[in-house]
Amino acid sequence: IHPAMEATTSLLDAAAVGDLVLLDPLTEESLLQTLQERFRRSNIYTYIGNVVISVNPYRSLPIYTPETVQEYRNCNFFAVKPHIYAIADDAYRSLRDRDRDQCILITGESGAGKTEASKLVMSYVAAVCSKGEEVDKVKEQLLQSNPVLEAFGNAKTIRNDNSSRFGKYMDVEFDFKGEPLGGVISNYLLEKSRIVRHVKGERNFHIFYQLLAGGSAQLLQQLKLRQDCRHYGYLNRESSGLPGMDDAANFRAMQVIGFSPAEVTALLEVTAVVLKLGNVQLSSSYQASGMEASSIAEPQELQEICELIGLDPAVLERALCSRTVKARNEMVLTTLSVPQGYYGRDALAKNIYSRLFDWLVNRINTSIQVSRKVMGVLDIYGFEIFQDNGFEQFIINYCNEKLQQIFILMTLKEEQEEYVREVPPTHAGPPLCCPQCGILAMLDEECLRPGVVNEDTFLTKLNQLFATHKHYESKETQNARRVMDATLPSQCFRIHHYAGKVTYNVTGFIEKNNDLLFRDLSQAMWASRHELLRSLFPEGDPQKVSLKLPPTAGFQFKASVATLMKNLYSKNPNYIRCIKPNETKTGMLFTPELVLAQIRYLGLMENVRVRRAGYAFRQLYDSFLQRYKMLSPRTWPHWTGSHREGTKVLLEDLAFPPEELAFGHTKIFIRSPRTLFDLERRRQERVAELATLIQKTFRGWRCRTQYQLMRKSQIIISAWFRGHMQKNRYKQMKRSALIIQAYARGWKSRRLLRELKSQCHRHAAATTIAAYWRGYQVRRAYRRYFRSGASTRLANFIYQRLVQKFLVGLARNLPPLSVMDRTWPPAPYKFLADANQELRSIFYRWKCKKYREQLTPQRRALLQTKLHASELFKDKKALYSKSLQQPFQGEYLGLTQNPKYQKLHAVAKDKLVMADTVRKVNKANGKMVPRLLLLTTEHLVLADPKAAQPKMVLSLGDISSISVTRFSDGFLALHLKETSTGGAKGDFLLISDHLIELVTRLHKTLMDTTAQKGAMTITVVESAKAGTNIPVCKKKGSHKMEILVQ
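Residues numbered from 1 in each chain as written. Predicted model: local features only at pLDDT ≥ 70, side-chain atom pairs only at ≥ 80, totals over all residues. Heavy atoms only, no water.

**Q** Please explain the side chain of E455 as it appears in this structure.
**A** Structurally, E455 is set in helix α15 (residues 455-465). Within the local environment of E455, its side chain forms a polar contact with the backbone nitrogen of G508, the two atoms lying 3.1 Å apart. Each residue touching E455, except ones within four places of it in the same chain, is listed here: V506, T507, G508, F509, I510 and E511. (Helix = DSSP H or I, 4+ residues; strand = E, 2+ residues; numbered from the N terminus. Polar contact = N/O pair within 3.5 Å; in protein donor to acceptor, adjacent residues only side chain to side chain. Contact = heavy atoms within 4.5 Å.)

What follows is the structure, encoded as structure tokens:
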């Protein structure tokens, strides 16, 4: 069904026809009026055959909902209203079902809505694909690539707030089921000159403003950036906020697909370097030779840049302020003037950003690229005509000329192929044409020519080569033709493009085409420690120095466009032609003059004429016959033959002139739209007749059905009423019988009840008399034996109650669980004294057991040592009571903190038990000297505290016994065996401040180690004299010493 045949839009309403091929008459005025009327009705899409015309509404319309997606899914292209979803669905189904690679060409000038159209195509394809975790992941990656590329490749221009400053061609790749597997993105000619300068009212690339507005304080500090846009020279030191665009929100929402956090950080660091390069200022100075030189005016920015990329500031300063030139196999370092330095700085910034953008595209491709059948979507910069047009506009318009050429060629080719396929050879289609352009080749030749090369020589060559070309104008060619035109300056030339005349200023053509970057700057970037930045400048490697000139920008772009054209020729094309309705970007404002200019240079009239050059309307036989078969009695209501024969029979009955019709192999062709209008008018009249017939038949059927329903209802109501009356009579009779039966049964029951009650009374009286009699006999017999055992039973009962009361009261008043608490409640009665004492003992032992179970292994060992000391000294030595409150530490010297003492432990080579300071009594003169005592599991070591050298090492097996006094002194006598190593020197006399602990640990260790060799004895001696509080040693003879203690 053709779009103009929709029920909602009449085909006869020529002011808003959905397909411009059906315009009658076909003029520029009627075409413009149709677009304006459809735009006024918010119908922004119109067809020219299978080409979609899109007029940018500059506001959101409710025509992209999920319901709309389902409406256009798997539909016939001409069965629904014109929409961009229709061409997207047609391309997708052709790819999926016919296995034909597709491309969607979106063209139009800047601000016409090409980028938004490409997004809508991608979102529709993503929506209609099947679901699944892997498929959803791929769709998410494809959709997320757009915001990233827009941030780095789009900018605000005078005509468009989100203008693409690069060309993007995306191949979306599908498997045999039509599910997306990935994609490949190709970019063309990023406008890198925007990095260093842009006119007032425009902005640099979005990413700079998004980074400054949306980056966190920590991120900006890491990148050494300030949030104020006015701080940066490359942003024209302006605060450029855009109404309706939230840079901060866009930055936070931007996700770089498939990138690791390290790669995202590196990407933002390089972006910050480009932004900060614009703040590097140069100052002028003169050398001794009188030549001008440049130097860094403020080294702070340079220092921060070098910290970001890991480069020595001196290396970057030398690369910015000087240049190495090779002359006769010698390397000569020449200084640069300030303008030359600024040129090098700007060239470096442009090259970094351009290469970073290429890296970004390639990195995204590695995340989404596979190799399958593809659908290409081309979103490239539109035709641009500014007040001052330079090299960038020339390149952009060159690309648009090529796209216009491929549109014309492929449209004509498709039209001719359909005529060859369908229409007999007597009908011919329109011819083909193809223009060419050679200015870029001349520009490359001029850039490579030796000698003085500038814009003047380039313009002179153009004037010589294209002096007679009808599409070329300059001041010189106008003078030769004696044409006076004040609008064409001397430094400009003018080209007659398909979209109109554009005047280009040749200033900067040579420089921008050369795109020269000093080798010193490339080598400096390669020398940085920043992996990403280093990878962008492989030519900076000193080992790979090449003297070959790099290709020019024009040559690179021309090669890219040639590759694009070859790619587009290999696919089935689908076209979306975007139109900009006004210059002010106002919502739903239509400027006829502006739209008419675009209609002319887009060639829409020619496209319509091509479609109507042979036949204005064509449709498959099946669809045509299905729509118009009611116009002939021979085809209505059913046709049993072939669709082609049915169409012939139908048109023969309608008696149209034979020259208006042509029968193809699968389609019917109608030459004039008037014939189609006549068909549609007859169909509407016939549909009205058929509708009347259907209404008449339906009303008769409805009346008959209603009568039959009423008759059936009356019969049913009568039957139900008679049945209801009989049921009520039966219920009344039944109710009367039940009442009579109830009275009779009640009388009989009451009589029986009276008899039963009389029997029960007699039985109860007999039972009572018998019970009283048996009780009397039992009581009389029991009185004889009751008093003999009553006292014993009462005594036992009282005893049990007293014991129970005692135990319950003891359970409620138990003493605390502390092992130091020995209190216990006394027995309330004397006969419970023994039991009370036994309970007290049991309770105390239970408390001790619970206390022992809570002890840690260290605490248990310490208490065992205390118990051992109690067994040795309790009630034997007066010093014992003072040691009870002192914990046994064992190690009093701090061996681990004092490295001087650590080697003493190494002498014994076994486990340390105790380390303390003692005083040794000299047997020769009775004097006391300090000594370090180390007790181990097998030895006892005495050492000098100053030198930390062992004086005596005794094996524990050499000690036979120990003697102490009974008083509060610290005196200790070690008795050695005569056969021991130290036995010849005699016993040792020591004084210790921790005597109890020392003797206890020594005795316990000796008992553990010498358990099989014999026990060691500890003797407590008494002294008959007491003179002082401390031991007094006096020598008596040569072998005796008197010791007095108290």
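The structure having been displayed, the exposition proceeds.
**Q** Whenever I open this one, unusual backbone geometry confuses me. Can you help?
**A** Negative phi values dominate among residues other than glycine, just as trans dominates among peptide bonds. Cis geometry is adopted by the peptide bond preceding P637, which originates at W636 and carries an omega value of 0°. Among the secondary structure elements, P637 is positioned in the loop between α23 (621-628) and α24 (643-654). The backbone of S42 shows a phi angle near 65°, a positive value even though the residue is not glycine. Secondary-structure assignment places S42 in the loop between α1 (28-40) and β1 (45-48). A relative accessible area of 25% means that S42 is categorised as partly exposed. A positive phi angle is found at K224, which is not glycine, with a value near 60°. Among the secondary structure elements, K224 is positioned in the loop between α7 (217-222) and α8 (247-253). (Buried < 20%, exposed > 50% of the residue type's maximum accessible area, 1.4 Å probe, protein only.)

**Q** Hey, could you run me through the environment of W824 in this one?
**A** Mapping W824 onto the fold places it in the loop between α26 (790-812) and α27 (833-853). With a relative accessible area of 15%, W824 lands in the buried category. W824 sits eleven residues away from N813 along the chain, and the two C-alpha atoms are 9.3 Å apart. Excluding residues that lie within four positions of it along the chain, W824 makes contacts with L810, L814, P815, N836, L839, R840 and F843.

**Q** Any chance you could explain the packing of aromatic side chains here in plain terms?
**A** Aromatic ring pairs: the centre-centre distance and the angle between the two ring planes describe each pair. Taken as a whole and judged by the stated rule, the model has 24 aromatic pairs. Seen from their ring centres, F394 and Y504 are 5.3 Å apart, and the 85° between their planes marks the pair as edge-to-face. In this pair, F394 sits in helix α13 (residues 391-422) while Y504 sits in strand β15 (residues 500-505), placing the two residues 110 residues apart along the sequence. Classification of Y504 by relative accessible area gives buried; the value is 0%. When the ring centre of W526 is taken as reference, the NZ or CZ atom of R534 above it lies at 3.9 Å. One cation-aromatic arrangement involves R822 over Y844; the distance from NZ or CZ to the ring centre is 3.9 Å. (Phe/Tyr/Trp six-rings, centres within 6.5 Å; stacked < 30°, edge-to-face > 60°. Lys NZ or Arg CZ within 6 Å of the ring centre and 35° of its normal.)

**Q** How should I be thinking about the sheet that holds strand β18 (residues 661-663) in this particular structure?
**A** Adjacent strands of a sheet pair through backbone hydrogen bonds, lying either parallel or antiparallel. In space, the three strands of this open sheet follow the order β17-β19-β18, with antiparallel pairing throughout. For this open sheet the edge positions go to β17 (617-620) and β18, each flanked by a neighbour on one side alone. For this sheet the average axis-to-axis angle between neighbouring strands, irrespective of direction, equals 20°. Here β17 pairs with strand β19 (residues 667-670) via four bridges, running antiparallel. The residue bridging L620 from the neighbouring strand is K667, located in β19. Contacts from α24 reach β18 and β19 within the one sheet, and its direction differs from that of β18 by about 160°. (Pairing = 2+ DSSP bridges. Axes fitted to C-alpha atoms, helices over the stretch in contact; angles between N-to-C directions.)

**Q** Which parts of the structure should I look at to understand α15?
**A** Because an α-helix completes one turn every 3.6 residues, residues spaced three or four positions apart along the sequence face the same direction. The set of residues buried in α15 consists of E455, F458, L459, L462 and N463. Down the axis of α15, the sector holding all buried residues measures 140°, keeping them to one side. For α15, the elements touching its buried residues are α14 (439-448), β13 (472-474), α16 (475-480), β14 (492-497) and α17 (509-514). (Arc of directions from axis to C-beta.)

**Q** Before we go on, may I ask you to explain a nonpolar patch on the surface in this structure?
**A** A cluster of nonpolar side chains, namely Y799, Y829 and F831, defines an oily patch on the protein surface of about 310 Å² accessible area. The topology assignment puts Y829 in the loop between α26 and α27. With relative accessibility at 33%, the residue Y829 sits in the partly exposed group. (Patch = residues over 30% accessible without salt bridge, like charges linked within 9 Å, V, L, I, M, F, W, Y side chains within 5 Å. Areas by Shrake-Rupley, 256 points an atom, 1.4 Å probe, with all protein chains shown as cover. Salt bridge = Lys/Arg side-chain N within 4 Å of Asp/Glu carboxyl O.)

**Q** Whenever I open this one, the packing of helix α3 (residues 84-98) against helix α4 (residues 114-128) confuses me. Can you help?
**A** Orientation of α3 relative to α4, taken along the N-to-C sense of each, is 55°, at an axis distance of 9 Å. One way to sum up the angle between α3 and α4 is to call them oblique. Remark: the crossing between α3 and α4 carries right-handed chirality. Contacts between α3 and α4 pair I84, Y85, A88, D89 and Y92 from the former with A117, L120, V121, Y124, V125 and V128 from the latter. (Parallel < 35°, antiparallel > 145°, perpendicular 65-115°, else oblique. Left-handed = near helix turned anticlockwise from the far one by under 90°.)

**Q** Is there a simple way to think about the side chain of R345 in this case?
**A** Following the sequence through the fold, R345 ends up in helix α12 (residues 338-368). One polar contact links the side chain of R345 to the main-chain carbonyl oxygen of G278, over a distance of 3.4 Å. Those residues in contact with R345 that sit more than four places away from it in its chain are Y234, L277, G278, V280, Q281 and L320.

**Q** I would appreciate a short explanation of a positive patch on the surface in the present structure.
**A** A cluster of basic side chains, namely R745, K748, R750, R751 and R754, defines a positive patch on the protein surface. By secondary structure assignment, the location of K748 is in helix α25 (residues 673-782). For K748, a relative accessible area of 53% puts it in the exposed group. (Lys, Arg positive; Asp, Glu negative; His and termini not counted. Charge placed at Lys NZ, Arg CZ, Asp CG, Glu CD.)

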